[in-house]
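# Fold and contact review
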Amino acid sequence: MINVLKNTCFFKGIEEKEINDILKSELYLIKEYKKNEVIANQGEKCNSLSVILEGKAVIQTIYENGKVLTLANFNVSDVFAEALLFSKDKEYPATVMAVENCKVLSFPKNSVLGIMQKNTKFAENLLQLLSQKIVILNRKINLIELDSIRRKVCKILLDNYKKNNTYSYKISSKKELAEELGIPRPSLSRELINMKDLGLIDFNLKEIIITDLEGLEDEFFIE
């Protein structure tokens, strides 16, 4: 368990002995879930910060018509509910579900506050994560506000080029990219093909490559 916690964003840079002391001094709960079992229901009150110790989980919005939108995937060492725990409403905005047999460690709010008081590195890691999530949320809002799929794609490619000085943008899957952009996956696939035909990009299952940087900039800034 210590090895898993060492790889979480919260315990990054914290020695094993310190983590072990935290586990000895603060209350926590470990619970196992079967595949397709709900970990937390949409609308349920959030009372703890959770870490995936084993297995995988997803957070999904399930609509009345039966359609499901996957908002995030959680693997071993991933954490969830860190921002929700300190929010005013504290209600899960979506359902967290195990997609395979899963083991989850949860720290109640008082334990999280206790760890923050005792360990400044933990507190720093938590604040850093919350700040990063705000940046990512603002990025998503900016993408969603753009008026076309092409401009959305142009923006993520140009932002990546500016930040990393590379023409290659790595992706996990077109499905996840489509969710990030807030568009249907088939619509994204069609637009990528159109942009490839125009000579702006090339792409495969794991990356999108800028082939005409100037043309891409023209497409993004076109009125």
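In this text the structure is predicted, and so the values were computed from the model without any measurement.

### Digging into the overall build of the chain
Looking only at helices and strands, the chain features 8 helices and 11 strands. By its C-alpha atoms, the chain is 60 × 40 × 30 Å across when sized along the principal axes. Each of the 223 residues in the chain was classed as buried or not, and the buried ones make up 41%. Considering only contacts within the chain whose residues lie at least 6 apart along the sequence, 67% involve residues at least 24 apart. Accessible surface, the chain as shown: approximately 13100 Å² in total, 50% of it carbon and sulfur.

### Structural notes on the packing of aromatic side chains
One pass over the structure, following the stated rule, counts 6 aromatic pairs. Taken together, the aromatic side chains of F10, F11, Y28, F107 and F122 make up a single cluster linked through ring pairs.

### Quick word on the packing of helix α5 (residues 149–164) against helix α8 (residues 213–221)
Axis separation between α5 and α8 bottoms out at 9 Å; the angle between their running directions is 130°. Classified by the angle between their axes, α5 and α8 sit oblique to one another. In terms of crossing hand, the pair formed by α5 and α8 is left-handed. The residues of α8 that touch α5, namely those facing R150, R151, C154, K155, L157, L158 and Y161, are L213, L216, E217, E219 and F220. Broken down by class, the residue content of the contact of α5 with α8 amounts to 7 nonpolar, no polar and 5 charged.

Reading the values: rules and limits
- For every chain, the first residue of its written sequence is number 1, and the numbers climb from 1 along that sequence.
- At least 70 in pLDDT is required for a residue's local features to be given in this predicted model, at least 80 for side-chain atom pairs to be given and counted, and no such filter applies to totals for whole chains, interfaces and linings, which use all residues.
- Note that the side-chain values use all heavy atoms of the structure and ignore hydrogens as well as water.
- Segments assigned H or I by DSSP are reported as helices when at least four residues long, segments assigned E as strands when at least two residues long, and all are numbered from the N terminus.
- For every residue, the accessible area (1.4 Å probe, protein chains only) is compared with the maximum for its type, and the residue is labelled buried under 20%, exposed over 50%, or partly exposed between those bounds.
- Whether two residues are in contact is decided by their heavy atoms: any pair within 4.5 Å suffices.
- Surface accessibility in these figures is a Shrake-Rupley result with a 1.4 Å probe; residues are shielded only by whichever protein chains are displayed.
- A pair of Phe, Tyr and Trp rings is counted when the ring centres sit within 6.5 Å of each other, with Trp represented by its six-membered ring. The angle between the planes then sorts it: under 30 degrees is stacked, over 60 is edge-to-face, the rest tilted.
- Angular values range over 0 to 180 degrees, each being the angle between N-to-C directions of two axes fitted as lines to C-alpha atoms, with helices fitted over their stretch in contact.
- Angles are sorted into four bins: roughly parallel if under 35 degrees, roughly antiparallel if over 145, roughly perpendicular if 65 to 115, and oblique for all others.
- Take the far helix as the reference: if the near one is turned anticlockwise from it by less than a right angle, the crossing is left-handed, and if turned clockwise, right-handed.
- In this count, Pro and Cys sit with the nonpolar residues alongside Ala, Val, Leu, Ile, Met, Phe, Trp and Tyr, while Asp, Glu, Lys and Arg are called charged and the others, Gly among them, polar.

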